[in-house]
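Chain by chain, the residues:
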Amino acid sequence: MSLYLILSILGALVLLSSLGRGKRLVVPLAIAGLLGALAVTGMGLGLDHPLLKGMAEFDRYAVLFSCLLLVLGTLVVLLLTNPNERSDIPRVEMAALLLFSLTGGIMMASFAHLVMLFLGVEILSIPLYILAGARKRERAGNEAALKYFITGSFATGFLLFGIALIYGATGSFSTRAIAAWAEANPAVFTPMFHLGLLLMLVGLAFKISAAPFHFWAPDVYEGSPSIVTSFMSTVVKVAAIAAFYRLFSEAFPAAADAWSWVIAAVAALTLAVGNLGALAQRSFKRLMAYSGISHAGFLLLALLSVGPGSAGALWIYAAAYSFATLIAFVSLLAVEAAGGGESLEALSGLGRRNPFLGVCLTISMLSLIGVPPLAGFFGKLFVFGNAVSQRHVVLVVFAVVMSAVGMAYYMRPIIQTWLRPPAGSPFQLSTSQAWVLGIATAFVVLLAAAPVWVMRFL
Amino acid sequence: MKNLLVVLIPLLPLLGFAVSGLFGKRLGKSATGLLASGMVLLSFLCAAALAMLHFRTGDSAIVVNLFSWIRMPGLSIPMGLLVDPLSLMMVFVVTGIGFLIHVYSIGYMHDDDGVARFFSYLNLFTFFMLVLVLADNFAVLFIGWEGVGLCSYLLIGFWFKNHAFNGAAVKAFVVNRIGDAGFLLGLFLMAMTFGSLSFAEVFSRAASFGSGAPAITLITLFLFIGASGKSAQIPLYTWLPDAMAGPTPVSALIHAATMVTAGVYLVIRSNALYALAPLTMAIIAAVGLATAIWAGLIALSQRDIKKVLAYSTVSQLGFMFLALGMGAWSTGFFHVFTHAFFKALLFLGAGSVIHALSGEQDIRRMGGLRKALPVTYATMLAGTLAIAGIPPFAGFFSKDEIFAKVFEHAPALWAIALAGAFVTSFYMFRLFFLVFHGEFRGDATAKHHLHESPKVMTAPLVVLALGALGAGFAGLPEIFGAPHWISDFLAPVTGRGESHLSHATEWMLMGASVATGLLALLFAWVRYGVKGRVPAEDASVTGVARWSLGKFFIDELYDRAIVKPLFRFSAWIHDVLDRRGLDGAVGAIAGISPWLGQQVRLLQTGNTAFYLFAMALGVFLILFVATLR
Amino acid sequence: MGPITLDHYVFLSAALFCLGVAGVLIRRNILVMFMSLEIMLNAVNLLLGSIAAFRGDAAGQVFVFFIMLVAAAEIAVGLAVMVMVYRNTGSIDLKDLSNLKW
């Protein structure tokens with residue numbers, strides 16, 4: 001409760017500060033507030049008390065995912081201070097909108113009632129529709145915003161219709177009550193319940209950009225300002241998968257027969273589309289968009305094996321993916337600021353132009369491939385391991401083959417960075433970029449020591 | 001003290017990598033080379049000291065647990081190193097031969113701009129290879145396994161600065177990853193079955209499963225898929241010839257002496273598992289023998305000096321797997337050991353030739369290099385004699401032992417393997433005579449430029465040639481009455497293989513393989529040494545005229561009946577099956593994936609209406625299938 | 001003709017929802033697409049309201065208020081985006097916005 005309040009008041013304060021002469025204070029204020037929120041979340045650990053009369057619950061799962069979201073959000077906001085960034089983006093409004101969107105993400109990680117899920121999804125999405133078009137005069141930004149809005153609202157329609165049908169079938173919006181109903185009536189899953197379940201699945205599959213509901217992602221990622229894209233591909237994806245897992249593991253575990261085959265099919269299709277699509281990309285930004293799609297497929301594998309350890313596996317995978325992706329986007333931002341474009345060629349000789357950036361980018365790509373002992377390896381290890389133990393062997397084999405394909409395109413930035421002649425003169429990172437890179441890389445490397453702790457915690 | 005030495009063995013090359021990677025530019029070319037070589041030499045000395053301190057007394061193993069890496073209920077994996085006779089021998093091979101190749105590279109890479117980067121990758125490779133070898137559980141081994149693959153890739157790409165990342169490279173990569181995927185699945189299954197990945201625990205728990213248990217068969221098969229990816233066995237061998245694009249010292253170190261034998265090492269290391277899986281053993285033997293023959297036949301018609309050696313490596317690895325399929329673990333390792341010497345020697349010799357010819361690799365443009373490159377000539381001769389199995393060179397002893405084991409189990413396979421040995425000897429001497437004998441076939445500028453390589457390159461050649469001559473004495477056959485030093489030393493790991501062959505049979509086998517090697521030498525000598533044929537002629541032979549000569553009637557008969565079909569078959573294998581068939585089948589995912597990727601990309605039309613339609617179609621399909629269920 | 005049951009309302013709102021989906025799929029004018037999206041949301045509102053009424057449970061009706069609120073915010077953003085697009089391109093036809101692709 002206090003977390004929602006802190007973040008929304010913080011967002012409002014940031015907006016207000018733009019009225020006076022406080023513009024300089026915006027980002028420090030936001031960062032301080034976010035760190036405060038992180039501390040509050042940390043202190044709330046293990047209290048497990050229901051909020052808002054049981055509509056939300058900060059259990060360990062919610063706390064751990066909220067911490068991840070807050071750290072990622074802080075890093076993205078930190079990137080806003082970069083003086084090299086093009087000046088045609090409204091920084092104050094963006095900071096406020098990012099904070100609002102983050103609030104929605106945290107609601108999605110902690111809901112215990114479908115109203116909260118719906119509100120979380122919308123509070124997360126509406127600011128993003130604006131952020132995608134933050135560069136008002138650019139047609140690419142316009143197009144991205146409009147595409148995102150139309151496809152997003154379309155998907156929300158399915159989600160809502162699904163919620164309404166579930167309500168009709170079970171008489172409640174509370175995840176506990178729904179689970180209890182499903183357990184009590186295992187034989188009589190009415191068509192209404194069944195249909196509602198599948199429509200909700202579709203609505204959330206859109207948010208994590210799973211195929212065939214992924215088409216918006218590459219276009220929107222490409223058209224949005226890179227800072228916003230970094231937010232979409234980390235915070236938004238983590239919040240969506242957190243909500244997805246929370247919903248299906250808490251409300252519908254008894255109905256697994258009704259949905260696990262859909263998840264399996266969607267995961268397989270997503271893996272194929274994401275990995276193969278990435279193979280054909282020339283733009284680094286679009287490549288990362290397809291990379292995001294492919295990782296949505298891997299994350300869905302964790303949903304297939306709900307059980308002890310699966311939440312931990314999901315968290316590790318999500319954290320490994322999002323920190324590595326954040327590094328990739330910081331590299332993109334830095335290269336853009338240094339006069340390069342979004343193509344892969346812009347990364348040429350990055351290792352010589354800025355060795356620190358080159359090393360961080362390489363670590364990030366290696367982690368996304370799943371090279372031990374980086375965080376990405378553990379994510380894949382646990383997710384695949386859990387899925388195998390639930391007898392999804394064929395799907396895991398397919399996923400392993402697809403991650404082999406993934407290796408081919410993740411090597412391309414590494415090759416550009418180290419084996420090609422520099423595309424320009426050496427350049428400096430801004431202080432905030434260097435900090436974000438350092439922190440994110442530290443997470444990618446050090447998370448390798450954490451799996452034990454996370455698994456035990458969840 | 002001993003623990004420190006164990007840790008230092010992999011750590012020193014890592015240190016070398018860090019220093020030459022970070023300060024390579026400032027140190028300068030020669031200092032980086034010396035530093036990198038020095039680190040590997042120090043590693044070697046550490047291993048030697050360890051051997052002196054520990055293994056003289058006949059103790060079996062040292063285990064060093066650095067820290068607990070993964071610990072969760074039901075599975076705990078320490079970051080542990082294990083030194084036992086097997087890993088110690090491998091360490092000697094990796095650091096010893098690795099050191100010589102490092103030294104050689106100082107000369108070979110002298111004119112290249114990226115020397116510092118090259119040596120740092122080379123040291124990094126050595127580090128990962130040592131991790132692979134010294135691992136005390138499968139998870140740590142897998143780190144090394146992936147690491148060497150990555151370094152191999154970096155080093156192959158070393159000279160591809162200005163080329164696009166092309167489809168072939170993607171293919172080579174994916175093929176390798178198929179093997180790794182098999183390995184990984186094997187690890188998952190193993191962790192599920194035994195609840196552990198540590199060698200000691202897995203092997204002791206496996207014993208209770210009994211021979212032929214399905215779980216063990218499956219695990220061993222998956223591990224073998226991994227092994228055949230790394231060690232280039234049918235059908236995953238096609239990447240190795242492609243890998244020849246890298247600098248020659250890299251081919252010698254990674255694609256001949258060390259990394260490609262990692263698969264063999266893995267199987268020997270897991271011999272306790274494989275011994276319980278007769279089906280897998282039969283498959284290994286079949287795949288090994290098929291690869292040995294197949295790759296040998298392809299090598300017959302190759303014209304690129306490094307390609308011949310690459311296919312030869314594939315073929316020799318096949319012989320190693322054949323030995324393993326017979327359960328002759330120490331024999332397989334013996335061949336790894338001798339092969340490391342003579343194949344590294346052959347590659348470095350080839351490098352010296354290429355160096356002298358300023359990068360020319362086509363053997364049709366060589367010939368008569370005997371006089372210009374005396375040291376290279378003499379050492380290459382030693383290497384060729386060794387691989388052809390002429391006594392007393394190293395290859396004779398290890399190959400003869402393999403053949404004896406095969407004969408003991410299956411005389412029919414022995415006959416096929418003997419044919420393989422004939423092919424081996426023939427294509428090697430073909431290469432040798434074409435390169436060093438006859439007249440020089442290049443142009444005048446190249447002829448003028450011919451020179452022997454500098455001492456820093458020839459010295460390693462000489463040392464390796466001595467190894468190719470002497471390494472075989474580490475494993476004398478039992479009939480000579482001397483102890484079989486290698487198999488005695490490895491006995492704690494591999495057990496002791498008993499030979500049931502009578503002495504007379506052994507003499508007969510030995511005679512047969514020597515005779516085969518010499519016969520092939522003779523044919524090659526007549527064909528390429530005396531008659532000075534050049535491969536280009538093969539296509540344009542007017543056979544009738546030659547028939548009438550009469551003098552070479554036997555030779556021509558042989559030529560018509562055996563050599564020609566063989567050549568044609570070889571070319572056919574290479575062109576049709578290798579290029580299109582097998583390669584296509586293996587690379588099905590690999591080859592088709594860029595195309596599929598393009599389709600996925602084009603599906604992204606930019607038209608929002610289509611996106612909405614796709615979403616609605618997805619919903620419809622899900623609901624439709626749901627009602628059908 | 002029997003009494004009107006919950007099922008009738010469910011089918012009515014499902015039909016309305018499909019109408020909205022069809023509108024989004026068929027029309028290319030952004031404004032009309034927005035209207036179709038609103039029809040989808042109102043189908044949901046109808047469904048929630050009728051379920052709540054038949055079950056005698058207020059929760060569904062409260063949810064309707066939330067949806068109306070959020071839909072208002074959402075459509076405000078959507079219209080703003082549309083105006084922005086119109087200023088730059090002079091068109092509100094979806095077909096004119098397909099530069100981001102492949």
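What you see is a predicted model, and the numbers here were worked out from it, not measured in a lab.

*Asks:* I would appreciate a short explanation of the overall build of chain C in the present structure.
*Replies:* Each helix and strand counted, chain C has 3 helices and 0 strands in total. The linear arrangement of helices and strands in chain C, starting from the amino end, is α-α-α. Within the span of chain C, comprising 102 residues, buried residues form 34% of the whole. Summarising the internal contacts of chain C: among those between residues at least 6 apart in sequence, 45% fall at separations of at least 24.

*Asks:* Which parts of the structure should I look at to understand the overall build of chain B?
*Replies:* Helix and strand counts for chain B stand at 25 helices and 2 strands. For chain B, the proportion of its 629 residues judged to be buried stands at 56%. Taking the contacts inside chain B whose residues are at least 6 apart along the sequence as the reference set, 82% of them involve residues at least 24 apart.

*Asks:* What am I meant to see in the interface of chain A and chain B here?
*Replies:* How big an interface is tends to be expressed through the accessible area that disappears when the partners come together. Facing the 42 residues of chain A at the interface are 41 residues of chain B. Those elements that provide at least two residues to the side of chain A that touches chain B are α6 (139-170), α8 (191-207), α9 (216-223), α11 (256-279), α16 (375-389), α17 (393-419) and α19 (451-457) of chain A. Per-element accounting of the side of chain A that touches chain B gives the leading share, 10 residues, to α17(A). Partitioned by chemical class, the residues of the side of chain A that touches chain B number 32 nonpolar, 6 polar and 4 charged.

*Asks:* What exactly am I supposed to notice about helix α22 (residues 503-530) of chain B here?
*Replies:* An α-helical turn contains 3.6 residues, so any two residues separated by three or four positions project in the same direction. Residue and element names in this part refer to chain B. The first and last C-alpha atoms of α22 sit 38 Å apart over 28 residues, in line with the 40 Å expected at 1.5 Å per residue. Along its length, α22 shows its largest kink, about 25 degrees, at Ala 524. Where the residues of α22 are buried, they touch α16 (374-388), α17 (394-409) and α18 (411-436).

*Asks:* What is the right way to read the interface of chain A and chain C from this model?
*Replies:* Chain A puts 32 residues into the contact, and the matching count from chain C is 34 residues. Mapped onto the side of chain A that touches chain C, the elements with two or more residues apiece are α5 (114-132), α6 and α9 of chain A. By residue class, the composition of the side of chain A that touches chain C is 18 nonpolar, 7 polar and 7 charged.

*Asks:* Sorry, what's going on with the packing of helix α13 (residues 278-300) of chain B against α18(B) here?
*Replies:* The relative placement of two packed helices is expressed as an angle between their axes plus a distance between the axes. Residues and elements named next belong to chain B. Orientation of α13 relative to α18, taken along the N-to-C sense of each, is 25 degrees, at an axis distance of 9 Å. On the basis of their axis angle, the class for α13 and α18 is roughly parallel. The element α13 and its partner α18 pack so that their crossing is left-handed. For the pair α13 and α18, the contacting residues are Leu 289, Ala 292, Ile 293, Gly 296, Leu 297, Ala 299 and Leu 300 in the first and Leu 413, Ile 416, Ala 417, Gly 420, Val 423, Thr 424 and Tyr 427 in the second. Partitioned by chemical class, the residues of the contact of α13 with α18 number 11 nonpolar, 3 polar and no charged.

*Asks:* Help me understand the confidence of the model for chain B, please; the structure alone is not making it clear to me.
*Replies:* The predicted structure's coordinates, where accompanied by low pLDDT, should not be read in detail. All names here are of chain B. Summing up the model confidence of chain B, the mean pLDDT is 81 and the portion of residues at 70 or higher is 85%. Across chain B, the element-wise mean pLDDT spans from 37 in helix α23 (residues 543-549) up to 92 in helix α11 (residues 262-269). Taken as a whole, residues 161-168 scores under 50 in pLDDT and shows 6 contacts with residues more than four places along the chain or in a different chain. The low-confidence segment residues 537-556, where pLDDT is below 50, has 5 contacts with residues more than four positions distant or belonging to other chains.

*Asks:* I keep staring at helix α13 (residues 310-337) of chain A and nothing clicks. Help me out?
*Replies:* Residue and element names in this part refer to chain A. Compared with the 40 Å implied by 1.5 Å per residue over 28 residues, the 40 Å span of α13 between its first and last C-alpha is a close match. For α13, the buried fraction is high: 26 of the 28 residues fall into the buried class. One or two residues past the end of α13 sits Gly 339, with phi positive at roughly 100 degrees.

*Asks:* Would you explain the packing of α9(A) against helix α12 (residues 284-304) of chain A in this entry?
*Replies:* All names here are of chain A. Relative orientation of the contacting elements α9 and α12 amounts to 140 degrees, with a least axis distance of 9 Å. Crossing geometry of α9 relative to α12 is assigned as right-handed. In this structure, α9 contributes Ala 217, Pro 218, Tyr 221 and Glu 222 to the contact, and α12 contributes Lys 285, Arg 286, Ala 289, Tyr 290, Gly 292 and Ile 293. Partitioned by chemical class, the residues of the contact of α9 with α12 number 6 nonpolar, 1 polar and 3 charged.

*Asks:* What exactly am I supposed to notice about unusual backbone geometry here?
*Replies:* Looking along the chain, the bond that leaves A:Ala211 and enters A:Pro212 is cis, with omega of 0 degrees. Residue position: A:Pro212 is located in the loop between α8 and α9. Although it is not a glycine, A:Ser209 adopts a positive phi angle of roughly 55 degrees. The topology assignment puts A:Ser209 in the loop between α8 and α9. Located in the positive-phi region is B:Ala232, a residue other than glycine, with phi close to 55 degrees. As for its position among the elements, B:Ala232 is in the loop between α8 (214-230) and α9 (239-242). Residue B:Ala232 is classed as buried on the basis of its 28 C-beta neighbours within 10 Å.

*Asks:* Quick question: what am I supposed to make of the environment of B:Gly442 here?
*Replies:* All names here are of chain B. With respect to the element layout, Gly 442 can be found in the loop between α18 and α19 (444-449). Of the residues examined, Gly 442 has 19 C-beta atoms within 10 Å and is grouped as partly exposed. Residues Gly 442 and Leu 357 lie 85 residues apart in sequence; the distance between their C-alpha atoms is 8.9 Å. Look past the residues within four positions of Gly 442 in its chain and what remains in contact with it is Leu 357, Glu 360, Arg 365, Met 366 and Lys 447.

*Asks:* It is not clear to me how the environment of B:His484 should be interpreted in this structure. Could you clarify?
*Replies:* All names here are of chain B. Note that His 484 resides in the loop between α20 (455-470) and α21 (485-494). Overall, His 484 belongs to the buried group, with 23 C-beta atoms counted inside 10 Å. In this structure the C-alpha to C-alpha distance between His 484 and Ala 474, which are 10 residues apart in sequence, comes to 6.6 Å. Excluding residues that lie within four positions of it along the chain, His 484 makes contacts with Gly 475, Leu 476 and Glu 478.

The rules behind these values
The residue numbers shown here count from 1 along each chain, following its written sequence. To label them, take the chains in the order written and letter them from A, then take the ligands in the order written and number them from 1. For a predicted model such as this one, the threshold for reporting local features is a pLDDT of at least 70, and the threshold for listing and counting side-chain atom pairs is 80 or more; totals across whole chains, interfaces and linings nevertheless cover every residue. The way it works is that DSSP assigns letters per residue, a run of H or I at least four long becomes a helix, a run of E at least two long becomes a strand, and they are numbered from the N terminus. For every residue, the other C-beta atoms within 10 Å of its own C-beta are counted; 20 or more classify it as buried, 12 or fewer as exposed, and values in between as partly exposed. C-beta atoms are placed from the backbone. Two residues qualify as a contact pair if the distance between their C-beta atoms, derived from the backbone, is within 7 Å. Amino acids outside the nonpolar list (Ala, Val, Leu, Ile, Met, Phe, Trp, Tyr, Cys, Pro) and the charged list (Asp, Glu, Lys, Arg) are all regarded as polar, and Gly is one of them. Here a helix's expected span is defined as the number of its residues, less one, multiplied by 1.5 Å. Bend at a residue means the angle formed by two fitted axes: the first through the 7 residues ending at that position, the second through the 7 residues beginning there. Angles run from 0 to 180 degrees between N-to-C directions of axes, and those axes are lines fitted to C-alpha atoms, restricted for helices to the stretch in contact. For classification purposes, angles smaller than 35 degrees are called roughly parallel, those larger than 145 roughly antiparallel, those between 65 and 115 roughly perpendicular, and all remaining angles oblique. Two helices that cross are described as forming a left-handed crossing if the nearer one is turned anticlockwise from the farther one by less than a right angle, and a right-handed crossing if clockwise. pLDDT expresses, on a scale from 0 to 100, how confident the predictor is about each individual residue.

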